[in-house]
Amino acid sequence: MVEIHEGAKERLLAAAEELRVTHASEVAVSTSRLLNPLLDIWSIATELGPQVAAPVEELLTVYAGPRDLASPAELEELVERLRTASDLAMV
């Protein structure tokens, strides 16, 4: 069970980091371009539990709704929140 969670944690953080790096040099990112990658990240996060999936769900809710643009800083914050939540889930 721990091996499964470790693998999911590694995949989760790699996917979130890849998304962050992809958009790091942009001033603003269209939220429509982030929805599918975030859904992929969310599907991995759910393997680790609801507390890990929550940060992704928050962004998905905002980006699918009223906002048209996201900042690269939000993706940086997501990586950090996922790192913290996944560490807590592994304890």
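Residues numbered from 1 in each chain as written. Predicted model: local features only at pLDDT ≥ 70, side-chain atom pairs only at ≥ 80, totals over all residues. Heavy atoms only, no water.

**Quick look at the overall build of the chain**
When its secondary structure is counted, the chain shows 4 helices and 2 strands. Secondary structure elements in the chain, listed N-terminal to C-terminal, are α-β-α-α-β-α. Here the C-alpha radius of gyration of the chain, 13 Å, is about what a compact globule of 91 residues would show, namely 12 Å. For the chain, the C-alpha atoms occupy an extent of roughly 40 × 25 × 20 Å along the three principal directions. Relative to all contacts within the chain whose residues are 6 or more apart in sequence, the contacts with residues 24 or more apart total 73%. Summed over all atoms, the accessible surface of the chain reaches about 5200 Å², with 59% contributed by carbon and sulfur. (Helix = DSSP H or I, 4+ residues; strand = E, 2+ residues; numbered from the N terminus. Rg over C-alpha atoms; globule rule 2.2 N^0.38 Å. Contact = heavy atoms within 4.5 Å. Areas by Shrake-Rupley, 256 points an atom, 1.4 Å probe, with all protein chains shown as cover.)

**Regarding helix H2 (residues 31-48)**
Relative to the 26 Å expected for 18 residues at 1.5 Å per residue, H2 spans 25 Å between its end C-alpha atoms, a close match to the ideal helical length. Taking the largest bend as the criterion, H2 deviates by roughly 25 degrees, centred on Pro 37. Turning to H2, its buried residues are Thr 31, Leu 34, Leu 38, Ile 41, Ile 44, Ala 45 and Leu 48. Of the residues one or two after H2, Gly 49 is the one with positive phi, at around 120 degrees. (Expected span 1.5 Å × (residues − 1). Bend = angle between axes of the 7 residues up to and from the residue. Buried < 20%, exposed > 50% of the residue type's maximum accessible area, 1.4 Å probe, protein only.)

**Describing the pattern of salt bridges**
Counted by the stated rule, this structure contains 8 salt bridges. A salt bridge links Glu 58 to Arg 81, with the shortest nitrogen-to-oxygen separation between them at 2.9 Å. Placement of the pair is Glu 58 in helix H3 (residues 50-63) and Arg 81 in helix H4 (residues 72-90), with a sequence separation of 23 residues. Classification of Arg 81 by relative accessible area gives partly exposed; the value is 32%. In this structure, Arg 83 engages Glu 80 in a salt bridge whose closest nitrogen and oxygen atoms are separated by 3.0 Å. Here Arg 83 and its partner Glu 80 are both found in helix H4, 3 residues apart, which amounts to about one turn of the helix. On the basis of relative accessibility, which here comes to 31%, the residue Arg 83 falls in the partly exposed class. Note on Glu 80: relative accessible area 37%, which makes it partly exposed. Overlapping salt bridges, with partners in common, bring together Glu 17, Arg 20 and Glu 76 in one network. (Salt bridge = Lys/Arg side-chain N within 4 Å of Asp/Glu carboxyl O.)

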